[in-house]
Amino acid sequence: MTGFLDSLLNGLALGSVYALIALGFVTIFKASGVLSFTHGSLLLLGGYLVAVLHDDIGFAGALAVAVLVTAAVAGALDRLVLQRVGGTDPHAAHVQTIVTIGVDIVLVTDLARRIGGDLLPLGDPWGSAVTDLGPVTVADSRVAAILVSAVAIGGAFALFRFTPWGLSLRAAAEDREAAALMGVRLTRVRTAAWCLAGALAALAAVFLVAFPAPGLERTTGQIALKAFPAAILGGMTSPVGALVGSMLIGLTEAFVAGYQSDLHVLGEGFGDVAPYAVMVLVLLVRPAGLFAAKGAARV
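Residues numbered from 1 in each chain as written. Predicted model: local features only at pLDDT ≥ 70, side-chain atom pairs only at ≥ 80, totals over all residues. Heavy atoms only, no water.

The chain has the name Branched-chain amino acid ABC transporter permease in an unreviewed UniProt entry, where Streptomyces coelicoflavus is given as its organism. In the Sequence similarities (unreviewed entry) part of its UniProt record, the chain is described as follows: "Belongs to the binding-protein-dependent transport system permease family. LivHM subfamily." Word for word, the UniProt comment on the chain under Subcellular location (unreviewed entry) is "Cell membrane". (UniProt positions renumbered as here; feature names shortened; annotations may be inferred.)

Okay, structure coming up:
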């Protein structure tokens, strides 16, 4: 029973962090139709900024700077690079998606060169502290991940629901041409979406490399790919689907890791591919995703 509860809490923490990244995927896709592959590099950038700045300005200051800078970089990438490849023409989204792969390679290469072979601590206030919750001992970083992610995701949902930008985003996702005719400034909507996605990626980096993880390394950005199945599972246009898909992926990963000895027949590395296996199984039943709107095209 203890092992089950431990896996459950770890899965919820992982799912919460994956939800931050998956929400970025969904927001960008709703605003522009672009499937962004830059999330790995944005996540790595945010983590790197916290790692190099926390000694000078403290963890909170470093995190604030990292979130703002990563959001600005993401917005600049959209405005200065992607929108110049076909502008807001929806048929250019496929080309822009391919461009994001090249941008990600450039950013990751530069950041990997700066990090080298080091493991960089982020100076988070939780350190290696743990808390006993009944029979389960959980890292404070995991508890913080759940709480902070809940606040950030709640804030993002409030933006979607109660702000003019959120209304414009929903209109653009429904019909870009009609939204433009109604006065929605699509370039501003999509750039703001990229900024939000960049900020969420930077925030996620803090918890992905916190204890019990060893720290930030040059391959940390690859973790963002685990949130990709979560966004696909939800249907790519559904923030709620991104949240549900992230929890499903996080719990799957945690339970596979926790019961690895019982799943040895599937191989030692099954935990790394388990999220993608779940994605394939779900898409066999729901090709458009769990929460895709009627008529949605397969991604």
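A.B. asks: Tell me what's going on with the overall build of the chain, and back it up with residues and numbers.
C.D. replies: For the chain, the count of helices and strands is ten helices and two strands. Counted from the first residue to the last, the chain has its helices and strands arranged as α-α-α-β-β-α-α-α-α-α-α-α. A globule of 299 residues ought to have a C-alpha radius of gyration of about 19 Å, and the chain, at 19 Å, matches this closely. Principal-axis analysis of the C-alpha atoms gives the chain an extent of 60 × 50 × 35 Å. Counting only residues that meet the buried cut, the chain has 47% of its 299 residues in that class. Looking at the chain alone, contacts between residues at least 24 apart form 78% of all its contacts between residues at least 6 apart. Taken as a whole, the chain presents about 13800 Å² of accessible surface, with 66% of it coming from carbon and sulfur. Of the side-chain charges in the chain, 17 are positive and 19 negative, and the distance between the mean point of each set is 14 Å. (Helix = DSSP H or I, 4+ residues; strand = E, 2+ residues; numbered from the N terminus. Rg over C-alpha atoms; globule rule 2.2 N^0.38 Å. Buried < 20%, exposed > 50% of the residue type's maximum accessible area, 1.4 Å probe, protein only. Contact = heavy atoms within 4.5 Å. Areas by Shrake-Rupley, 256 points an atom, 1.4 Å probe, with all protein chains shown as cover. Lys, Arg positive; Asp, Glu negative; His and termini not counted. Charge placed at Lys NZ, Arg CZ, Asp CG, Glu CD.)

A.B. asks: Break down the pattern of salt bridges for me, with residues and values.
C.D. replies: Counted according to the given criterion, the structure contains four salt bridges. For Asp110, the salt bridge goes to Arg114, with nearest N and O atoms at 3.0 Å. One end of the pair is Asp110 and the other is Arg114, both in helix 3 (residues 93-115) and four residues apart, which spans about a single turn. Glu253 is paired through a salt bridge with Lys226; the nearest N and O atoms lie 3.0 Å apart. Placement of the pair is Glu253 in helix 9 (residues 239-258) and Lys226 in the loop between helix 7 (186-208) and helix 8 (227-234), with a sequence separation of 27 residues. Glu253 gets classed as buried once you look at its relative accessible area, which sits at 14%. In this structure Lys226 comes out as buried when scored by relative accessible area, which is 18%. What emerges from the salt-bridge pattern is a single network uniting Asp110, Arg113 and Arg114. (Salt bridge = Lys/Arg side-chain N within 4 Å of Asp/Glu carboxyl O.)

A.B. asks: Quick rundown of the confidence of the model for the chain? Include the residues and the values.
C.D. replies: Per-residue confidence for the chain gives a mean pLDDT of 85; residues scoring 70 or more make up 92%. For the chain, per-element mean pLDDT is lowest for helix 6 (residues 176-181), which scores 77, and highest for helix 2 (residues 39-80), which scores 94. (pLDDT = per-residue confidence, 0-100.)

A.B. asks: Any details on the pairing of strand 1 (residues 130-133)? Residues and values, ideally.
C.D. replies: Pairing between strand 1 and strand 2 (residues 136-139): four bridges, direction antiparallel. Its bridge partner lying in strand 2, Leu133 is registered against Val136. Count of turn residues in the strand 1/strand 2 antiparallel hairpin: two residues, of which Gly134 carries a positive phi of about 65°. (Pairing = 2+ DSSP bridges.)

A.B. asks: Requested: an account of the nonpolar core, with residues and values cited.
C.D. replies: By size, the foremost hydrophobic cluster in this structure holds 75 residues, and its most contacted members are Ile21, Leu43, Val50 and Leu216. The residues touching Val50, leaving out its near neighbours within four places in the chain, are Phe59, Ala62, Leu63, Ala66, Leu122 and Val206. (Core = buried A, V, L, I, M, F, W, Y, C linked by side-chain atoms within 4.5 Å.)

A.B. asks: Can you break down a nonpolar patch on the surface residue by residue, with the values?
C.D. replies: A contiguous nonpolar patch, built from Val240, Val244, Leu248, Leu290 and Phe291 and spanning about 360 Å² of accessible area, is present on the exposed surface. Counting through the fold element by element, Val240 comes out in helix 9. (Patch = residues over 30% accessible without salt bridge, like charges linked within 9 Å, V, L, I, M, F, W, Y side chains within 5 Å.)

A.B. asks: Any details on the UniProt feature "transmembrane region" (unreviewed entry) in the chain? Residues and values, ideally.
C.D. replies: Sites flagged by UniProt as "transmembrane region" (unreviewed entry) map to residues 12-29, 34-51, 57-77, 143-162, 191-211, 223-249 and 273-293. Annotated as residues 12-29, this span is 100% helix and 0% strand, and its ends, taken at the C-alpha atoms, are 25 Å apart. Helix and strand shares over residues 143-162 are 100% and 0% respectively, and the end C-alpha atoms of the span are 28 Å apart.

A.B. asks: Give a detailed account of the environment of Val50, specifying residues and quantitative values.
C.D. replies: Following the sequence through the fold, Val50 ends up in helix 2. For the pair Val50 and Leu119, spaced 69 residues apart in sequence, the C-alpha to C-alpha distance is 13 Å.

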